[in-house]
There are 2 protein chains.
Amino acid sequence: MSIESTIMEMAKSARLASKKIATSSSDKKDTALLTIAEKIEEKASYIKTENQKDLDLARERGLSNAMIDRLTVSDATIKSMAEGLREVVLLPDPVGATGASWKRPNGLTVSRMRIPLGVIGIIYESRPNVTIDAAGLCLKAGNAVILRGGSEAIHSNRALSETISQALSETGLLPETVQVVPISDRKAVNCLLKQEESIDLIIPRGGEGLIRFVVENSKIPVLKHYKGVCHVYVDEDADLNMAEKICFNSKVQRPGVCNAMETLLVHKKIAETFLPLAAKRFIEAGVEIRGCSETCRILPAAKQAAEEDWPAEYLDLILAVKVVENMDEAAQHIGTYSSNHTEAIVTKDYSRAHRFLREIDSSVVLVNASTRFNDGGQIGLGAEIGISTSKLHAFGPMGVEELTTTKFIVLGEGQIRE
Amino acid sequence: MSIESTIMEMAKSARLASKKIATSSSDKKDTALLTIAEKIEEKASYIKTENQKDLDLARERGLSNAMIDRLTVSDATIKSMAEGLREVVLLPDPVGATGASWKRPNGLTVSRMRIPLGVIGIIYESRPNVTIDAAGLCLKAGNAVILRGGSEAIHSNRALSETISQALSETGLLPETVQVVPISDRKAVNCLLKQEESIDLIIPRGGEGLIRFVVENSKIPVLKHYKGVCHVYVDEDADLNMAEKICFNSKVQRPGVCNAMETLLVHKKIAETFLPLAAKRFIEAGVEIRGCSETCRILPAAKQAAEEDWPAEYLDLILAVKVVENMDEAAQHIGTYSSNHTEAIVTKDYSRAHRFLREIDSSVVLVNASTRFNDGGQIGLGAEIGISTSKLHAFGPMGVEELTTTKFIVLGEGQIRE
């Protein structure tokens, strides 16, 4: 069968399966999740054997250590996949919940009921744990899902797919509810992105290159973020010790992720005091500082920043620093260079805190807290399927609820329209 | 300037204007809406003169009476446009409202704040009143908007556009907040649909052909419905008099609109009694009935339905009728042929009503009420910008709130991530 036909058949069978899972009980979905968790543990040695094939090929092809690390399924990975599923079981089932209802003058009672989206396609790189995490969240939200991981993980993903299928069948759910694309040819991704009749939403997870490829080729709506150029603004009325801790945490706690700080903006009134204080720990931690002229004057260790530093997502121990005249200039700078991901202000001033919350156009806006809190788990959504910096449907971290939508339900007693 | 550059400049200036309107106060937005309403009334004779040019051209080109009717701006149209704007003023401003907040174990307080989407493009046919309705709703929700009506209405829309611009300037808002594309060449639509850097959402309003054109050519997300193939299922336990009234209203009150019933499903146990009762008034009203074999046996006046009748959106005094074995068959039929728009059940049975509400996958699902209630105004959203049968972002009638999204706001006291 050609790649086109294989993918089309998968998408059609996912659409059929989505109708069944959409009306399955919470108990049934949770049983399926628990059964997948058990089977992953039972079949751990088989999964690791298949993963070893991927690792051997990866070494032959000379993949970087970082990539091999992400590809590896260890005993700890197995445990964390199973535990992740058990945590999803504990989340409330969003499907069927109704919001507040209101009554119309003619007596009709109207409310919104939460329902699954249908079929979701996830396109990701070579981390086999995403296969399990994404499958679990989609299933909990009553959706069917088609997973397409990087070709380097094909053996691992096939083994996980078999395990999931067996668990679904044993629970009395259709195995087509969760499918892994078994084709490593990238053409399979192109085909998947054209199944707009059967797939409702695509979520890409990975680097900017993968995401741009998906957006440019998809006929299906895509929820994504390209990058996170996150700012912390230290206001003239900041508690400087608090600001130092927040800035250090935002930059250094995990510099390679999208919610790490990339640019620090400092009010000129406190720059002379604050910058040396903050720079001390940054430099100890190996952070390279690229600053505006004023920053370089105050911090002789800093390098002069170039224009390309302001929009840069370093994902590394590098920090751009700018001294600003006032909050207007900070907001202006953020408006120009931010990726609408995460921005934070450190201040003791009520009205500037309030203004920052209202005016900064980012998916998560924080006062006196680290940018690292833009994360589904940290913010209280439970597990996270990704972060959206597009404003439609979901803006910010996306949990199980963001994998659903609402329909209106109307209760009448014979009302007709006059 | 080329069409491409004109459209690109419009889109860029709309993006800039969107930043100002996003943070404008409710008072300012409402003042602008009231000023537009006043100016439309003041400049009524100028607007009607310009409209006359469109009408003259339309008659020369031999447009249908129905089209000329939709194109006409009468005194009543002027009044209804102005009143529509004044009603939008009375709606609550969605922007800046925060939902329930929750507290994390580390003390962070998290909530969602409603914010505008940014720039919205509306593509519609030759009804000049849409120019005012859509501009009003987008403005209320804090968005900039680019309007592109049918080329037949170009003089009317330019006159309305001038009026709106003057009102915006007088109120101290940027005139680029509301722009009408001044080019009648359809190429302008193609260009508009490629401005994905500056436009956040496209809403097409019009026939299925227009909507398919927009979806196929847009690089920007589109909220739309193609058609409304709406069903009423009359259950074995229906109050037959209520069912008759609901069916008649759903079909006949305004047959040319998307929420009119197109197919009636009747449980076999009550078909012999109900169908003659319902058919009497349908036939008096000139409704042609196309039925399954069983329907034709019971109603000699009915014609035999063909397979193409089941997915048909007649938008006319024609009704497809099918007698079904039970609710399973009704749900199965709806699952196969519905356009996910509007479906209703008439029943006195609690558990079937409950099941219908849960299982039917349509944007509005009703019990014991007419399908004609799928409408933003009727359902209580205030004015309506359209109806979405796509599930992402909004599913069902869309009011002012659906022209916004939410960001997360997080209040801390120095929290960092461990």
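Please read all numbers here as calculations on a predicted model, not as lab measurements. (Residues numbered from 1 in each chain as written. Chains lettered and ligands numbered in written order. Predicted model: local features only at pLDDT ≥ 70, side-chain atom pairs only at ≥ 80, totals over all residues.)

Here the focus is the overall build of chain A. Counting secondary structure elements, chain A contains 15 helices and 16 strands. When contacts within chain A are restricted to residue pairs at least 6 apart in sequence, those whose partners lie at least 24 apart make up 71%. (Helix = DSSP H or I, 4+ residues; strand = E, 2+ residues; numbered from the N terminus. Contact = placed C-beta atoms within 7 Å.)

Bringing the relation of the copies chain B and chain A into the picture now. Copies of the same chain, two in number, are related to each other by a rotation about an axis and a translation along it. Least-squares fitting of chain B to chain A yields an RMSD of 0.0 Å, with the transformation described by 0.0 Å of translation along the axis and a rotation of 180°. Expressed as a symmetry operation, the mapping of one chain copy onto the other fits a two-fold axis. Relative to the rotation axis, the closest C-alpha in chain B is found at His-393 of chain B, a distance of 1.8 Å. When you check the interface residues of chain B against chain A, 100% turn up at the interface there too, and the contact is symmetric in its surfaces. (Least-squares fit on C-alpha atoms with pLDDT ≥ 70 in both.)

Frequently, the measure chosen for interface size is the accessible area that the parts lose on association. Domain parsing of chain A yields domain 1 (3-224 + 397-409) and domain 2 (230-378). Distance between the C-alpha centres of domain 1 of chain A and domain 2 of chain A: 35 Å. (Domains from an automatic or database assignment.)

Moving on to the environment of Leu-264 of chain A. Residue and element names in this part refer to chain A. Inspection of the secondary structure puts Leu-264 in strand 8 (residues 261-267). Of the residues examined, Leu-264 has 25 C-beta atoms within 10 Å and is grouped as buried. Put simply, Leu-264 and Val-321 are 57 residues apart on the chain and 4.7 Å apart in space, counted from C-alpha to C-alpha. Once you skip the residues sitting within four places of it in the chain, Leu-264 turns out to touch Val-232, Cys-247, Leu-319 and Val-321. (Buried ≥ 20, exposed ≤ 12 C-beta atoms within 10 Å, placed from the backbone.)

Right, let's talk about the interface of chain B and chain A for a bit. Listed by partner, the interface residues are 53 residues for chain B and 53 residues for chain A. Listing elements by their share of the side of chain B that touches chain A, those giving two or more residues are helix 10 (240-252), helix 14 (350-359), strand 13 (364-369), helix 15 (376-379) and strand 16 (404-415) of chain B. Taken together, the residues of the side of chain B that touches chain A sort by class into 23 nonpolar, 19 polar and eleven charged. Bridge count for strand 16 (residues 404-415) of chain A against strand 13 of chain B is five bridges, and the pairing is parallel. Each bridged residue has a counterpart across the sheet, and for Gln-415 of chain A the counterpart in strand 13 of chain B is Ala-369 of chain B. (Nonpolar A, V, L, I, M, F, W, Y, C, P; charged D, E, K, R; others polar. Pairing = 2+ DSSP bridges.)

Residues and elements named next belong to chain A. Pairing is parallel across the open sheet formed by four strands, whose spatial order is 5-4-3-6. Lying at the two open borders of the sheet, with one neighbouring strand each, are strand 5 (178-180) and strand 6 (201-205). Direction aside, neighbouring strands of the sheet carry axes that sit 20° apart on average. Pairing geometry for strand 4 (residues 144-148) and strand 5, over three bridges, is parallel. Looking across to strand 5, one finds that Ile-146 is bridged to Gln-179. (Axes fitted to C-alpha atoms, helices over the stretch in contact; angles between N-to-C directions.)

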